[in-house]
Amino acid sequence: MGHGSNGFDDAERGVIGALNRGFAALAGWCFDHRWVVVALSMVMLVACVALASRVRVDSSYEAYFDPDDPIFLAYEKYREDFGSDEVSYILYAAPEAEHGPWDIDVMRRMAQLTSALEDEVPFIYQVKTLVNAELTEGGPGGIDITEIADDFPATQVELLELRDRFMAKPMYVGGLISDDAEYGAIIIEMDRSSTDPLADIRLDPDGGDGLDNLYPQATHDVIEDILARPEYNELQFWHTGDVPLNSIYNRVLAEESLALVLVTSAVVAVILVLFIRSWMGIVGPLFVVWIGVMACTALLVVLGWKIDMSFGMVPNMLVAIGVAHSVHILTEFLARFAEVGDRRTALVQSIYLVGAPCLLAATTTAVGFASMSFVPIKSIGHQGVYAAFGVMATFCLSLTLLMALLSFGPSTRKRGTGAAERLRAKGGARMQRGLLAVANFNVRHRVALLVVFALVFLVGGVGMTRIAVDSNWLDDFSDAMPIKHDIEFADQVMGGTTNIIYLFDSGEPEGVKEPAVLREIERVQSFSDAQQPLVRKTYSIVDILKDLNQAFHDGDPAYYRLPETRELVAQYLLLYETSGGEDAEQYVSSDYGRASLELRLKLERISFTADLVDGIDAMLEEEPLEASSIELTGIGALWLKLMDYIVSSQIQGFGIAFVAIAAMMIFIFHSFKTGWISMIPNVAPVVLTLGAMGWLGILLDYSKVSIAAVAIGIAVDDTVHLVSRYRHEFLRCGNYQEALVAAMGDVGRALFITSIALVCGFMVNLLSVLDSQATQGLLLATSIVVALMADFFFMPALVLTFQPFGPEGARAGQRLREAA
């Protein structure tokens, strides 16, 4: 074989050989033009930071759906007719007051608070409290619609009499006032949505696009500031609803991501100090990954996307994955530098050996992410694109910027220390003994290892059949977050944090006034009201018409029913509007052709909502609607569709990733057998991780939908390096056992270090205030541990058994026991 300019026999042919030689030439160029590379990298960093500073945050439900998705289009149509459905729902109590919310001093405070909210809170449509709720009663002219604020009671007795009249109104009990009259509610309806154009959600048009100047954060902040004023100290508040949820989540995404990346960087730095012990070996990789993270964030701005609920772990993953690429380069470089004594030669030889494996490892990881770009969940699809871009950006920087940074330092070093120095560069005697023991164990127990891993696949496979696809957004938050307890308590008392909405279409203008249509709405509403405790409250035009009918009959409860004729319905609604009634417009379209039925639901698992919808569908199948058609929409409906997407996305994403990565392995190694043997061990972490989810009852939700595809994409990285080096050593010596010893001794340490870096990087997510991120980090860390075990004990056993590199030849070197 010819002796190449890189210092190695050019045993590698085909694609890998060409890549190795190309990367070696690139390393030499970066060494010779280091200042050019560093300058260009700094320009890239400045540009990326400038772009990244303009990124927006969006944690709304709509972030999951493509604008052309039919279920999302139906939701948008609903909002066109009925306005934004985002609210702040504030439960309150006055524990020190004798009559609770109906204490006259408390009601005065509530009147003051209502005015303050109406006057000061931006982006609101209306504020509804007991103070301004419509009290509809019979009067000399037909009906009178009054509010407590219009003629505030002079005495406690008068207010208690009003309490009795309000408690007789079913439409308010369970929504504005609890059934025991101990709790009241403030419902703040918004006229904005989190997905509105940027210009429409700025508080100060000239104040920039920081979170504090945008809806819903600006709205949430003002509400919280008002509630915290001293004059309301006697009141206890539980602030829930879309506005606080979205606002808090947005801030967590924006602030915690940076904090976790800093912690991950610190943890990785410690790992590099322990194993690499070179200042450039610490600073270089961190510099590389930080530029990669900035480039990833900048891409969001370029593509017009936002930071959403799928972004949280991406910076952490990029830091851990990017450092893993650098570790393979660094460990090889230090060993070569100790051996050849010349910095440039060592760098060129190192990249000759690890350049192609690093490319293949980065590409497979990027494919793992990119496979999710085809799924129907918009935020996950976006994550697949920008995460894949970030991985490839850090890889390119590892082979350019890191090369340039490693060029700084003494050009030569003494070679006199010989084997001792080379051994230290490879991790020392203890590390090498451990890696040799791993190789020995594979040779002696390869059959037993194959049996053990077969059992692992069996147990994991059974666990996968037990996985439940479900989700509850409340479970995203840890118990340390007050909003979680506020929502749980408020949902227990009354209200309902989320909703589903049924739209009834009469097919013609004024059609909703037809009694037959109204009775169909009432039938669905009555059925829904009985579905406790999930359904906390329902609202529709039926409530107002029943209340009007009762008012026209001197408040007789027997008349709390729908009017019998269309003419009477029209007469009631006309008198209602001319008397100043405004609530009806929330439940009917402007032409009275469509009506909404809103079901306020406890924030629970999506499967509970699915069971509710299935029950309503079954009821309608037994007795179909005849006077109207019905359509499901609202936030709860979006979550239902999301649950369907989760199943298809998990299967589709993993399938694409597996097939694409397997095809790459087969192409690169020019061997179907080598490609498939490389893939089999990497299914183990996926099967075991998903199996553990099934056995432990961990739900497969939107935050874990990409686990399988990402896990196989990351896990295959180390396999690529070990198989590539194993194959390289086999082509050199012609003996599988000797090649395993050499390969394990050379790259085993790098595999161990990168796995520690990845595991520690993912485990940093346990510090997150979001349980969803903590769980995802723990699952990915588990998959990396399993992947390392599979690379050390499963893949070598497969290679020794099936000999994918070809038959052993006459160039066999020393036997394994001689190497030991």
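Everything below is about the structure printed above this text.
What comes next concerns the included structure. Within every chain, residues take consecutive numbers counted from 1 along the sequence as written. Restriction of local features to residues with pLDDT of at least 70 applies here, the model being predicted, together with a cutoff of 80 or more for giving and counting side-chain atom pairs; totals for whole chains, interfaces and linings are based on all residues. Each side-chain value is worked out from all heavy atoms of the structure, with water and hydrogens disregarded.

### Comments concerning the overall build of the protein chain
Note the following rule: Helix and strand labels come from DSSP, where a helix needs a run of H or I of at least four residues and a strand needs a run of E of at least two; each type is numbered from the N terminus. Three labels apply to residues, based on accessible area from a 1.4 Å probe with only protein chains included: buried if under 20% of the type maximum, exposed if over 50%, partly exposed otherwise in between. In this analysis, two residues are considered to be in contact whenever any of their non-hydrogen atoms come within 4.5 Å of each other. Per-residue and other accessible areas were derived by the Shrake-Rupley procedure at a 1.4 Å probe size, with only the shown protein chains allowed to occlude residues.
Of regular secondary structure, the protein chain possesses 27 helices and ten strands. Counting the 820 residues in the protein chain, one finds 60% classified as buried. The long-range fraction of contacts in the protein chain, counting pairs at least 24 apart against all pairs at least 6 apart in sequence, stands at 81%. Put simply, the protein chain shows about 30900 Å² of open surface, and 58% of that area lies on carbon and sulfur atoms.

### Quick word on unusual backbone geometry
Cis geometry marks the peptide bond from tyrosine 215 to proline 216; its omega dihedral reads 5 degrees. The omega torsion of the bond from glutamine 532 to proline 533 falls at 5 degrees, within 30 degrees of zero and hence cis. Examined against the element boundaries, proline 533 turns out to sit in the loop between α17 (515-529) and β8 (535-539). A positive phi angle, close to 65 degrees, is found at alanine 181, a residue other than glycine. Its place among the elements puts alanine 181 in the loop between α5 (156-167) and β5 (184-190). In the Ramachandran plot, aspartate 554 falls in the positive-phi region, its phi being about 55 degrees despite a non-glycine side chain. With respect to the element layout, aspartate 554 can be found in the loop between α18 (541-552) and α19 (566-578). For aspartate 554, a relative accessible area of 76% puts it in the exposed group.

### A short note on the sheet that holds β8
Put simply, the rule is: Any two strands with at least two DSSP bridges between them are considered paired. To obtain an axis, a line is fitted to C-alpha atoms, over the contacting stretch when the element is a helix, and the angle between two such axes runs from 0 to 180 degrees between their N-to-C directions.
Pairing in this open sheet of four strands is antiparallel, and the strands run β8-β9-β7-β10 from one edge to the other. Where the open sheet ends on each side, the last strands, each with one partner, are β8 and β10 (629-633). On average, each strand axis in the sheet is inclined to that of its neighbour by 20 degrees, with strand direction left out of account. As paired elements, strand β7 (residues 498-505) and β10 share five bridges and run antiparallel to each other. Looking across to β10, one finds that isoleucine 501 is bridged to threonine 633.

### Looking at a nonpolar patch on the surface
Stated precisely, the cut-off is as follows: Note on patches: the residues involved have over 30% relative accessible area and no salt bridge, like charges join within 9 Å, and the nonpolar side chains Val, Leu, Ile, Met, Phe, Trp and Tyr join within 5 Å. Salt bridges are counted wherever a side-chain nitrogen of Lys or Arg sits within 4 Å of a carboxyl oxygen of Asp or Glu.
Where nonpolar side chains cluster on the molecular surface, the patch consists of Val447, Val451, Leu455, Leu458, Val459, Val462, Trp695 and Leu696 and spans about 780 Å² of accessible area. Residue assignment for the nonpolar patch shows that the elements contributing at least two residues are α15 (446-464) and α22 (672-696).

### Some words on helix α6 (residues 217-227)
Summarising burial for α6: eight of the eleven residues are buried, a large majority. Here α6 has its buried residues at Gln217, Ala218, Thr219, His220, Val222, Ile223, Ile226 and Leu227. Contacts made by the buried residues of α6 are with β1 (87-93), α4 (104-120), β5, β6 (236-241) and α7 (242-275).

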